[in-house]
Amino acid sequence: MLGRILSGDFPRAWPLMVVLLIILLTLALAPFLFSGAQPLNVAAKICVFILLVASYDLLLGYTGIVSFAHTMFFGIGGYGAAIALARIGPDWGSVAIGTLAAMIVAGVLALVIGLFSLRVRAIFFAMITLAVATAFAVLASQLSGITGGEDGLSYRVPEILRPSFRLSEGTVLGTAINGRVITYYIVFFAALAGFLVLLRIVNSPFGRVLQAIRENDFRAEALGYPVVVYRSIASVASAVMAALAGVLLALWLRYTGPDTTLSFAIMIDVLLMVVIGGMGTMYGAVIGASLMILAENYLQALMKGLGEAASGVPFASALLSADRWLLWLGILFILSVYFFPAGIVGKLRALTGKR
Amino acid sequence: MNAAAPVLETRGLTIRFGGHVAVNDVSCAFLPGSLTAIVGPNGAGKTTYFNLISGQLPATAGQVLVKGEDVTRLPASARTRRGLGRAFQLTNLFPNLTVFENVRLAVQARAGAGLNLLTLWTDRLDLVHAAETILDRVRLNDKRNAIAGALPHGDQRKLEVALLIALEPDVFMFDEPTAGMSVDEVPTVLEIIAELKRDASKTILLVEHKMDVVRSLAERIIVLHNGALVADGPPAEVMASAIVREAYLGQELDDA
């Protein structure tokens, strides 16, 4: 049963299993474990990014495609939900229409880009995706009548997702079940379901062909697998999942703008998360996304504490100042790539001697 | 289509690289159930001729026909699905996947089961078993969990042959299948080719340097030189032909 849910793809290393279980349980119980808005915000963002990063791993880690257009599909999801909710009205019909439209647009766009450009060499494909994504970002900020331009769109969500909504008068384990908690669980379960679908895809006959293409596309073609078709389908599946992640973020934030979904900084973050977690492992997405988002949100606070503690020491206090957190994040990244070239998941699996 | 119609035919097949004509106007038909050896000195265009047939290179001029259908403009994968199977001279595997997975991928390609996104690969037990049978046949089953890229050269050659067998093509194209193999490994591969030859429906094209191998297996030899087809006939006849003997086979005949 569990084997089928995980598509026969177990963590295969006990430290990894422990870490994954801790992340799963923490995310599943987040509304009851923490109080205040900030921790739940972080937890929701982790859920969204696990799905986003896992869908990117399908491309980068499993198929060997380098694309810079992934945040474009993320943005299509975000704007799909945002535009529907803002223009049609804050009800479930808008959410459904926005989600469906976003997934279709993302899928069709990925298919067109794929069929036209996946024949070219990898580096040119990466450049083409970069160009398309940049054009899309410019378009989104220029068409302010539809997208709200640089300001983005704020909108209301269906009533039971609003903070003021209460499922019941009482509390569960000391937590009031309000619209935010309900929204959180929609995000959590949708991300979990999406992740399990991706895990299934990479362990399907199709996913096996993707790995063969990554290894030796020339030979895969000679065996009778039309490589362009397989790559295109992989990029469609990846784009549709990224759009779903975008919808979830839009529901959670009740705001969608260029900085929440389309920015190149997010693309870089996604790339780092895949690489740090471990390319071609799926579970790496869980680890990479959790680690990076925790670092982005709490490293600053941690450094502030450390900086104050070292305030007497002249050089150290400057290095540990909260403003230097990006520097430390960069150092962490370089160290992790240097010491774990196969990512954290690869390292943990190698340590326990199984692959 | 009657039984004697060629399963594979090239008509005026030509490829130019800049000013160099690597394969020059080669017309040749291959009948079902035949084993044809393709010989010629290094650089004669044998492997290039194979690449044109199986679609790794686009022809400058001429046609490739499989069972009467013009496949000249089709990509390699489409030609494979129409029955052309190819083993490569320079070993060409999925180096970071296991031996078993290499073969299973070929079996899966043959079964046309690749476009299945939501089932588990382990659910296709028929493919798993077929792959195991083939590994037995090439005597690699004890190394099924080894990473293909880490195999010794001889085993990689066997795996290359295993991938070709797994495709169950109508036309088997072997490009120097025993090159670089140790003496005691060669018989395994030759036995497999001889076994395939006994199946009257299979057509075999064999690029081979070892003249004793050619003589024992082939019922027909074609000779390429500077990209052109210069001789075509039964082994005894081709080898006896003075022009072929002197100009194109050189020392190799005497060694055999």
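About the cut-offs
- Numbers given for residues are sequential positions, taken from 1 along each chain in its written order.
- Chains carry letters from A onward and ligands carry numbers from 1 onward, assigned in written order.
- A pLDDT threshold of at least 70 governs which residues receive local features in this predicted model, and a stricter bar of 80 or more applies before side-chain atom pairs are shown or counted, although totals over entire chains, interfaces and linings include all residues.
- Here the contact rule is simple: place C-beta atoms from the backbone, and any two residues whose C-beta atoms are within 7 Å are in contact.
- Elements are defined by DSSP. Helices are runs of H or I of four residues or more, strands are runs of E of two residues or more, and each kind is numbered from the N terminus.
- Nonpolar residues are Ala, Val, Leu, Ile, Met, Phe, Trp, Tyr, Cys and Pro. Charged residues are Asp, Glu, Lys and Arg, and all others, Gly as well, are polar.
- Note on scores: pLDDT gives the predictor's confidence for each residue, bounded by 0 and 100.
- Helix axes use the C-alpha atoms of the stretch in contact, all axes being lines fitted to C-alpha atoms, and the angles between their N-to-C directions lie in the range 0 to 180 degrees.
- Reported orientations rely on four angle classes, namely roughly parallel under 35 degrees, roughly antiparallel over 145, roughly perpendicular from 65 to 115, and oblique for the rest.
- A clockwise turn of the near helix away from the far one marks a right-handed crossing, whereas an anticlockwise turn of less than a right angle marks a left-handed crossing.
- Each residue is classified by how many other C-beta atoms fall within 10 Å of its C-beta atom, where C-beta atoms are placed from the backbone; a count of 20 or more means buried, 12 or fewer means exposed, and values in between mean partly exposed.
- Pairs of strands are assigned from DSSP output, requiring at least two bridges between the strands.

Topic: the interface of chain A and chain B
Buried accessible area, meaning the area lost when the parts come together, often serves as the stated size of an interface. Between chain A and chain B, the contact holds 22 residues from the first and 30 residues from the second. Elements with a contribution of two residues or more to the side of chain A that touches chain B: helix H8 (179-202), helix H9 (205-215) and helix H10 (217-222) of chain A. The element best represented in the side of chain A that touches chain B is H9 of chain A, accounting for seven residues. Classifying every residue of the side of chain A that touches chain B by side-chain character gives 10 nonpolar, seven polar and five charged.

Topic: the confidence of the model for chain B
Any residue range with low pLDDT should be treated as having predicted coordinates unsuitable for detailed reading. Averaged over all residues, the pLDDT of chain B is 90; the fraction at 70 or higher stands at 93%. In the predicted complex, the global pTM is 0.91; the interface-specific ipTM is 0.90.

Things to note about the packing of helix H2 (residues 14-33) of chain A against helix H14 (residues 283-309) of chain A
Between two packed helices, the angle of one axis relative to the other and the distance separating the axes together describe the packing. All names here are of chain A. Running from N to C, H2 and H14 point in directions that differ by 60°, and their axes come no closer than 11 Å. One finds that H2 runs oblique with respect to H14. Relative to H14, H2 is oriented so that their crossing is left-handed. In this structure, H2 contributes Leu16, Val19, Leu20 and Ile23 to the contact, and H14 contributes Tyr283, Val286, Ile287 and Ser290.

Quick look at the packing of helix H5 (residues 92-117) of chain A against helix H11 (residues 227-253) of chain A
Residue and element names in this part refer to chain A. H11 packs onto H5 with a crossing angle of 150° between their chain directions and a minimal axis gap of 8 Å. In terms of their interaxial angle, H5 and H11 are classed as roughly antiparallel. Between H5 and H11 the crossing geometry is right-handed. Along the contact surface, H5 presents Gly98, Thr99, Ala102, Met103, Ala106, Gly107, Leu109, Ala110, Leu111, Gly114 and Leu115, while H11 presents Val228, Arg231, Ser232, Ser235, Val236, Ala239, Val240, Ala242, Ala243, Leu244, Gly246 and Val247. A class-by-class count of the residues in the contact of H5 with H11 yields 15 nonpolar, seven polar and one charged.

What about unusual backbone geometry?
Residues other than glycine seldom take positive phi values, yet Ser7 of chain A does so here, at roughly 55°. Inspection of the secondary structure puts Ser7 of chain A in the loop between helix H1 (2-5) and H2. The phi dihedral of Asn226 of chain B is positive, around 50°, even though this residue is not glycine. With respect to the helices and strands, the residue Asn226 of chain B is situated in the loop between strand S9 (220-225) and strand S10 (228-233). Note on Asn226 of chain B: 16 C-beta atoms within 10 Å, which makes it partly exposed.

Considerations on the sheet that holds strand S3 (residues 35-39) of chain B
Residues and elements named next belong to chain B. Read across the sheet, six strands follow the order S6-S7-S8-S3-S9-S10 without closing on themselves; strand pairing throughout is mixed. The open sheet has two edge strands, strand S6 (84-87) and S10, and neither has a second partner. Averaged over all pairs of adjacent strands, the angle between their axes in this sheet comes to 20°, without regard to strand direction. Where S3 lies against S9, four bridges are found, and the strand directions are parallel. Across the sheet, the residue bridging to Val39 is Val223, located in S9. Packing against the sheet, helix H1 (residues 46-54) makes contact with S3, S6, strand S7 (171-175), strand S8 (203-207) and S9, and its axis sits at approximately 150° to S7. Each of S6 and S7 touches helix H5 (residues 153-166); the most contacted strand, S6, lies at about 175° to it.

Structural notes on the environment of Pro41 of chain B
All names here are of chain B. Mapped onto the elements of the fold, Pro41 is located in the loop between S3 and H1. Classification of Pro41 by C-beta neighbours within 10 Å gives partly exposed; the count is 17. For the pair Pro41 and Val223, spaced 182 residues apart in sequence, the C-alpha to C-alpha distance is 9.0 Å.

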